[in-house]
Amino acid sequence: MANNAPAEIGAYSNAVKVGKFIFVSGQLPVDPATGQLPRGLQAQTKQVIENVRLILADAGATLDNVVKTTVMLNEMFQFSEMNEIYASEFKEPYPARTSLAVQELPRHALICLDVVAVLDD
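Residues numbered from 1 in each chain as written. Predicted model: local features only at pLDDT ≥ 70, side-chain atom pairs only at ≥ 80, totals over all residues. Heavy atoms only, no water.

Participant: An account of helix H2 (residues 79-89) is requested, with residue identities and associated values reported.
Facilitator: Every buried residue of H2 is listed here: Met82, Ile85 and Tyr86. Down the axis of H2, the smallest arc covering the buried residues is 105 degrees, so these residues share one side. Of the exposed residues in H2, those oriented more than 90 degrees away from the buried face are Ser80, Glu84 and Ser88. Contacts made by the buried residues of H2 are with helix H1 (41-58), strand E3 (66-73), strand E4 (96-101) and strand E5 (111-118). (Buried < 20%, exposed > 50% of the residue type's maximum accessible area, 1.4 Å probe, protein only. Helix = DSSP H or I, 4+ residues; strand = E, 2+ residues; numbered from the N terminus. Arc of directions from axis to C-beta. Contact = heavy atoms within 4.5 Å.)

Participant: Can you explain the pairing of E3? Please cite residues and give values.
Facilitator: Within E3, six of the eight residues are buried, leaving the element largely enclosed by the surrounding structure. Where E3 and E4 come together, six bridges link them in parallel fashion. Residue pairing in the sheet places Leu73 in a bridge with Ala101 of E4. On the question of chirality, the crossover connecting E3 to the parallel E4 by way of H2 is right-handed. (Pairing = 2+ DSSP bridges. Right-handed = clockwise from strand over helix to strand, strands pointing away.)

Participant: Which residues make up unusual backbone geometry, and what are the values?
Facilitator: Going from Glu92 to Pro93, the amide bond is cis rather than trans, its omega being -5 degrees. Residue placement: Pro93 occurs in the loop between H2 and E4. Unlike most non-glycine residues, Arg107 shows phi in positive territory, near 60 degrees. Within the secondary structure, Arg107 sits in the loop between E4 and E5.

Participant: Give me the lowdown on the pattern of salt bridges, citing residues and values where you can.
Facilitator: Taken as a whole and assessed by the stated rule, the structure comprises three salt bridges. The salt bridge involving Glu89 is made with Arg53; its shortest N-O contact spans 2.6 Å. Placement of the pair is Glu89 in helix H2 and Arg53 in helix H1, with a sequence separation of 36 residues. Overall, the relative accessible area of 29% leaves Arg53 in the partly exposed class. Residues Asp64 and Lys91 are paired through a salt bridge, measuring 3.8 Å at the closest nitrogen-oxygen approach. Pair noted here: Asp64 is in the loop between H1 and E3 and Lys91 is in the loop between H2 and E4, with a separation of 27 residues, a long-range link. (Salt bridge = Lys/Arg side-chain N within 4 Å of Asp/Glu carboxyl O.)

Participant: Explain the side chain of Gln27 to me, and be specific about the residues and the numbers.
Facilitator: Mapped onto the secondary structure, Gln27 falls in strand E2 (residues 21-27). A residue is classified by how much of its surface remains accessible, and Gln27, at 5% relative accessible area, is buried. Of the polar contacts made by the side chain of Gln27, one reaches the backbone oxygen of Ser25; its length is 3.0 Å. Here Gln27 is in contact with Asn14, Val48, Val52, Ile55, Ile111, Cys112 and Leu113, once residues within four sequence places are set aside. (Polar contact = N/O pair within 3.5 Å; in protein donor to acceptor, adjacent residues only side chain to side chain.)

Participant: Please give an account of the pairing of strand E1 (residues 15-18) that cites residues and values.
Facilitator: Pairing between E1 and E2: four bridges, direction antiparallel. Paired with Val16 across the two strands is Phe23, which belongs to E2. Between the antiparallel neighbours E1 and E2 lie two residues, among them Gly19 with a positive phi of about 60 degrees.

Remember that the coordinates give geometry; whether it matters functionally is a separate question.
Written out as structure tokens, the structure reads:
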């Protein structure tokens, strides 16, 4: 669906639009220009949110349209570091969110983010 975001690495779409809903698959913090992951959680959090922003833009939406997120971290002790950047990118009222630690993420990423957005009338 998105032209400017990193390419999918499996049998899935990076996003699917159904009516007013946009379902964005779990995104890794891959820099679309280089294909590389930035170093450190702060840089990866910024990159993964930027990737989601690019996908939403292709569907006619922004982060303001996001109603639900799922944040997957490789280590839960990094939550507050991620949350600081997350809170600076999303506006109040913040989307509903689930945050969890997972054993491992593809490409040894430190974070993965999926979102659900709703287009305005």
